[in-house]
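Spelled out, the chains give:
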Amino acid sequence: MDPGEGATELDSRMMRRALELAREAGERGEAPIGAVVYETESGRVLGEGSNTREAENDPLGHAEIGAIRQACDAIGDWRLNECTLCVTLEPCPMCAGAIVQARVGRLVFGASDPKAGAAGSLYDLTDDARLNHRVRPIAGLMADESAELLRSFFRARRG
């Protein structure tokens, strides 16, 4: 499968926004990860997030969690069936669980995460037939840009 296969122009536009959010997070000293939740059909943005773990001393401060919370508030429902979540890095087990619990309709991500990815790399929580909701991810959209943000950030931190 080609990177980003199945992604639309709208997905690409949203990934560019997620990359902007990731860059802003990196400038604040957070891991550069960004996420956007939008209505799949209309493209209306419902929520955005970037990592806030350092600033808020919160282990739940992942980009996906922030974007999901905002989106649920925006529509007044915890179910995001008609929405797409676009994120620069493959979701971790916590975020993959939140994606399943929120019934996110589509998932698009950039870079794979072989150490903690739970949408196909290390685990496959988002498409596990044993769970009550499944979403097969579209992986690899703008993966090189997403991965380079992370590499540069951690290279600079290691000095």
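Residues numbered from 1 in each chain as written. Predicted model: local features only at pLDDT ≥ 70, side-chain atom pairs only at ≥ 80, totals over all residues. Heavy atoms only, no water.

## Things to note about the state of the cysteines
For the coordinates displayed, the defined rule picks out zero disulfides. Cysteine Cys-95 is unpaired, with the sulfur of Cys-92 as its nearest cysteine sulfur at 3.8 Å. (Disulfide = S-S within 2.5 Å.)

## Details of the nonpolar core
Counting 29 residues, the largest nonpolar core has Val-37, Ile-68, Leu-80 and Leu-85 as the members making the most contacts within it. For this core, the secondary structure elements donating two or more residues are strand E1 (34-39), helix H3 (63-75), strand E3 (83-89), helix H4 (93-101), strand E4 (106-111) and helix H5 (143-158). The element that contributes the greatest number of residues to this core is H3, accounting for six residues. Look past the residues within four positions of Val-37 in its chain and what remains in contact with it is Arg-44, Val-45, Leu-46, Gly-47, Ala-67, Ile-68, Ala-71, Leu-80, Cys-83, Thr-84 and Leu-85. Core analysis: the second largest hydrophobic core is formed by 15 residues, Ala-18, Tyr-38, Cys-86 and Ile-138 among them. (Core = buried A, V, L, I, M, F, W, Y, C linked by side-chain atoms within 4.5 Å. Buried < 20%, exposed > 50% of the residue type's maximum accessible area, 1.4 Å probe, protein only. Helix = DSSP H or I, 4+ residues; strand = E, 2+ residues; numbered from the N terminus. Contact = heavy atoms within 4.5 Å.)

## A word on the pattern of salt bridges
This model, assessed by the stated rule, comprises ten salt bridges. Ionic pairing is found between Arg-136 and Asp-127, a salt bridge with its closest N-O pair at 3.1 Å. A salt bridge links Arg-130 to Asp-128; its shortest N-O distance comes to 2.6 Å. (Salt bridge = Lys/Arg side-chain N within 4 Å of Asp/Glu carboxyl O.)

## Let's talk about unusual backbone geometry
Here Arg-103, not a glycine, exhibits a phi torsion of approximately 60 degrees, which is positive. Structurally, Arg-103 is set in the loop between H4 and E4. For Arg-103, a relative accessible area of 19% puts it in the buried group. Even without glycine at this site, Met-142 takes up a positive phi of about 55 degrees.

## A short note on H3
Taking 1.5 Å of rise per residue, 13 residues should cover 18 Å, and H3 covers 19 Å from first to last C-alpha, within 8% of that figure. Buried within H3 are the following residues: Ala-63, Glu-64, Ile-65, Ala-67, Ile-68, Ala-71 and Cys-72. Buried-residue contacts for H3 involve E1, strand E2 (45-50), E3 and H4. Gly-76 sits one or two residues past H3 and shows a positive phi near 70 degrees. (Expected span 1.5 Å × (residues − 1).)

## Remarks on the sheet that holds strand E5 (residues 138-139)
Reading across the sheet, the five strands line up as E2-E1-E3-E4-E5 and stay open at both edges, with mixed pairing between neighbours. At either end of the open sheet lies a strand with only one pairing partner, and these are E2 and E5. Of the strand pairs in this sheet, E4 and E5 are connected by two bridges, and their pairing is parallel. Paired with Val-108 across the bridge in E5 is Ile-138. H5 contacts E3 and E4 of the sheet and is inclined by roughly 60 degrees relative to E4. (Pairing = 2+ DSSP bridges. Axes fitted to C-alpha atoms, helices over the stretch in contact; angles between N-to-C directions.)

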